[in-house]
Amino acid sequence: MPKNKKIKSVLIIGSGPIIIGQACEFDYSGSQSIRSMKEEGIEVTLINSNPATIMTDPSLADNVYLKPLTTKSIIEILKKHPNIDAVLPTMGGQTALNLCIEAQDKGIWEDFDIDLIGVDIDAIKITEDREQFRQLMIEIGIGQAPSTTATSFLKGKEIAQEYGFPLVIRPSFTLGGYGASIVYEKEDFDDLLRRGLEASPIHEVIIDKALLGWKEYELELLRDKNDNVVIICTIENMDPMGIHTGDSITVAPAMTLSDTTYQRMRDMAIKMMRSIGDFAGGCNVQFAVSPDEKEDIIAIEINPRVSRSSALASKATGYPIAKVATKLAIGYHLDELENQITKTTSALFEPTLDYVIVKIPRWNFDKFEGSERTVGLQMKSVGEVMGIGRSFQEALHKATQSLEIKRNGIGADGKSYNNYEEVINKLKYPSWDRVFALYDAIQMGIPLSRIHEITKIDMWFLRQYEELYFLEKEISKFTLESLSPELLLEAKQKGYGDRQIAHMLDCYESEVHKKRQELDIKRVYKLVDTCAAEFKAQTPYYYSTFESNMIVNGKSYPENESVVTDKKKVVVLGSGPNRIGQGIEFDYCCVHGVLAAKEAGYETIMINCNPETVSTDFDTADKLYFEPVFWEHIYDIIQHEKPEGVIVQLGGQTALKLAEKLDKYGIKIIGTSFEALDLAEDRGRFSTLLKDLEIPYPKFGTATTADEAAAIADDLDFPILVRPSYVLGGQGMKIVINKRELEEHVVDLLRKIPNNVLLLDHYLDGAIEAEADAICDGENVQIIGIMEHIEPCGVHSGDSNATLPPFNLGEFVMQQIKDHTHKIAKALKTVGLINIQFAIKDDVVYIIEANPRASRTVPFIAKAYGEPYVNFATKVMLGANKVTDFEYNPQLSGYAIKQPVFSFNKFPNVDKRLGPEMKSTGESILFIDSLKDDEFYELYSRRKMYLTK
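Since the structure is predicted, the reported quantities are computational estimates derived from the model, not experimental observations.

Draft legend 1. The arrangement of the sheet that holds strand 34 (residues 895-901) in detail. Taking strand neighbours across the sheet as the criterion, the seven strands line up as 33-32-29-30-31-34-35 in an open arrangement whose pairing is antiparallel. Of all the strands in the sheet, the pair left with one neighbour each is strand 33 (844-851) and strand 35 (922-928). For this sheet the average axis-to-axis angle between neighbouring strands, irrespective of direction, equals 25°. Of the pairings in the sheet, the one linking strand 34 to strand 35 comprises seven bridges and is antiparallel in character. Note that in strand 35 the partner of I897 across the bridge is L926.

Right under this line is the structure:
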């Protein structure tokens, strides 16, 4: 059956600001969904309050409403667009589903004659209400853990008495495991039960007998109106039950599942999807499997929407789940749709992988002092990475190299834990670095049986780790000269980086690289093709691996599926995993950079390792390399592709940090030079430049030791702001008020970031903070936006409510901001984007810092003014245009306010006050007509409440 002809106009509900538990995977799903609808000639209206996403870009949907996700906003939109026929809520995570239910309960869909597509309300309610879900599963014969629902504190106590400990508390209708916990001891139960009841919007929890040590699996399903069901991906959690899937290390395809159990699981998943309703669309099902030979299966939950794992499964298989789910929601059948990868077969097939993917979460515990650093049922990670390899070991190494936590992979980097008690503790209480602690335990000689007993991680995974350790031990016996080509090739095939091999052989990384080249041990690139090469794939989406060479006519040729064209090319470096300080806004910039470079006539090459993003969609760039944003991988791709140059200023600090290496190796940096980037990052040199330009800046000094810092403090006067160089998101910044605090902080910083140059400047107490973003071509400067922060100077700009245009700066101050911006942009010979931050005191504008790159605020300004600024900036970087070639016509009546969003509810015991180090996980945009608006008044009245040192 072709699409439903009655559907001409659809409302899509987005997921709102990025929070822990609901991140940019829904931007990816939503963007795909919008494009999928547009292909069918359907008008798309979008509501989403997040300005940082591609999803809310005016180039995607026909009508974009950057409004709060409330039923009031929904009614406004439906009144304005009476032609809307249907609503699709399954692309916006739990936020969209909850809003959809609220609108249904208020009769809004009925009042406006709106059909719900992609899911049924009943399906949402059944799957969210844990007691209803449990009863349904029992009815259809699907296993359930012993559990009972509690709607009061007293009932919860009764259940605990009956079950005993350990047990699990899960609140109904929450996201990302919010409020969930495992209770091991009776003494902790009352507090955790109270927390669970408060977390649930209906004050209901389900209390389960804990299935500790059981294995956990996820299946991604799609179903059409004809009741055809395909299972796109089976994901195995390396971590057993007890850790939220969003915080688990996951692997696809499943590694330790027997075929018969997998078939039973498939049948159960399909039965579950059919039992909750007859909608067409996507579904995510989670199961627990007993670790014994019986392999009993218990259903944990089912989500009738695209999930966090759908983005991962799409990138892992190359099958665009959200795109196809949208087509199914509007009436198509699977066999009527083409496989997006092969373009010749239908979508009614199940992907087969001839590679392995490993996902590892990325945490930011360092931003939450005093937080509980263990992981459990409540999700705490802020991002994730995915590694693709021909084996689990290769994919594991590539994923760890992608994390950007100063590790070079598993082991062999001199950063192992070597304290027995500490390692045992990390195994007992799963921590953010458990993936490394497993290796350290093996290295220490702790038997696999003991590690398995503590962690309950399947022995198959532990043996994979052990093999890596044996290989490291073997290689360490040799020198670079005596190491055999076979052993070097084996190390590369198992994912070891040149840096790690250099560590084992006690030589330099460059020497290992040189030896590899001489021995012809080179990376080859393989297509991610969904069907194990049984059909020809036409999508340029690659990962690297090492092959034993193929022999053709007596010569050896590894099979390289990435064919290099003779077109002029440009590489865009992505921003890696999301983290606090570097989130989805840089992905927005990368995507727009790619599109602009295409328009300028370049073949575009994207390098990134984040499975949640639009930049890693297989049809964003001309070629996608799903690889770590890690020097060795980037250099090999550049040597293979030979681009004109590399764009580093769109990928945040991740890409910027690689500028020095690129410059050293003679690779052209497109846009602002490395010299200028480095000058702006080096706090001391930059302040000297300001002095030469006669631009005011806070009195400062630079220090590399605690003694130097103490000497500078005598001259500066307290309070003093201490800032390390080359960091993002205010990492390590602190306001200190006496010498003891100064010494403690400097010693701590230099321990965490050795050899760093610290900038100490006099903190301008009570100053107003403002910032400007501009585009420069080296000669001409166009300021694209000036924002004033509502909070005082000292709260990180990413945590401040920022108002566009400024609301309280006089003409004299505004002129200084404009003059300083022009002078600094030109002095740094900026080609592309620049962001400058200011402190204003007594009508004097001081410079806090300048960043000649895309900033966190660029997407916000672009959305507020309705202008494609990243497109302009990229064309300037490429030399295709001058700043003066573009027409600037910003459209904004009233004010736009960038409002930070925090995920403090995941860290109940953390100090929630704000300071120089960024803590927000996302942002929303609020439009107001005037400063008399109640919401502005409330923000302004609270502006000083949170400032902390």
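Draft legend 2. View of the environment of S381. By secondary structure assignment, the location of S381 is in the loop between strand 15 (356-362) and strand 16 (383-389). Separated by 489 residues in sequence, S381 and V870 have C-alpha atoms that sit 29 Å apart. Setting aside anything within four residues of it in sequence, one finds S381 in contact with I20, G246, D247, P361, R362 and W363. Side-chain polar atoms of S381 contact the backbone oxygen of G246, separated by 3.1 Å. Here the side chain of S381 touches D247 through a polar contact of 2.8 Å, side chain to side chain.

Draft legend 3. View of the packing of helix 7 (residues 153-163) against helix 8 (residues 186-199). Packing of helix 7 against helix 8 brings their axes to within 10 Å, and their N-to-C directions diverge by 130°. The orientation of helix 7 with respect to helix 8, classified from their angle, is oblique. Classified by chirality, the crossing of helix 8 by helix 7 is right-handed. Residue-level contacts link F153, G156, K157 and A160 of helix 7 to F189, D190, L193, R194 and L197 of helix 8. A per-class count over the contact of helix 7 with helix 8 returns five nonpolar, one polar and three charged.

Draft legend 4. Summary view of the pattern of salt bridges. Counted according to the given criterion, the structure contains 51 salt bridges. The partner of D433 in a salt bridge is K426, with the nearest N and O atoms 3.1 Å apart. As far as the burial class goes, D433 and K426 line up, both buried. Where E744 meets R740, a salt bridge forms, and the shortest distance between an N and an O atom there is 3.0 Å. Of this pair, E744 and R740 both sit in helix 27 (residues 739-752), four residues apart, roughly one helical turn. The class for R740 is exposed, based on a relative accessible area of 55%. Within the structure, one salt-bridge network assembled from shared partners comprises R35, E39, E40, K323, K327, D617 and D619.

Draft legend 5. Layout of the sheet that holds strand 21 (residues 569-573). Spatial ordering of the open sheet is given by 17-18-23-22-21-24, a layout of six strands whose pairing is mixed. On the outer flanks of this sheet lie strand 17 (524-527) and strand 24 (645-647), each paired with one strand and no other. Pairs of neighbouring strands in the sheet enclose a mean axial angle of 30°, with direction left out of account. Examined bridge by bridge, strand 18 (residues 541-545) and strand 23 (residues 623-626) share two bridges and lie parallel to one another.

Draft legend 6. A look at the packing of helix 26 (residues 706-716) against helix 27. At their nearest, the axes of helix 26 and helix 27 sit 9 Å apart, and the two run at 145° to each other. Handedness of the crossing formed by helix 26 with helix 27: right-handed. Of helix 27, the residues touching helix 26 (which contributes A706, A709, A710, A713 and D714) are K739, L742, E743, V746, V747 and L750. Its residues placed into classes, the contact of helix 26 with helix 27 shows eight nonpolar, no polar and three charged.

Analysis parameters
Residues numbered from 1 in each chain as written. Predicted model: local features only at pLDDT ≥ 70, side-chain atom pairs only at ≥ 80, totals over all residues. Heavy atoms only, no water. Pairing = 2+ DSSP bridges. Helix = DSSP H or I, 4+ residues; strand = E, 2+ residues; numbered from the N terminus. Axes fitted to C-alpha atoms, helices over the stretch in contact; angles between N-to-C directions. Contact = heavy atoms within 4.5 Å. Polar contact = N/O pair within 3.5 Å; in protein donor to acceptor, adjacent residues only side chain to side chain. Parallel < 35°, antiparallel > 145°, perpendicular 65-115°, else oblique. Left-handed = near helix turned anticlockwise from the far one by under 90°. Nonpolar A, V, L, I, M, F, W, Y, C, P; charged D, E, K, R; others polar. Salt bridge = Lys/Arg side-chain N within 4 Å of Asp/Glu carboxyl O. Buried < 20%, exposed > 50% of the residue type's maximum accessible area, 1.4 Å probe, protein only.

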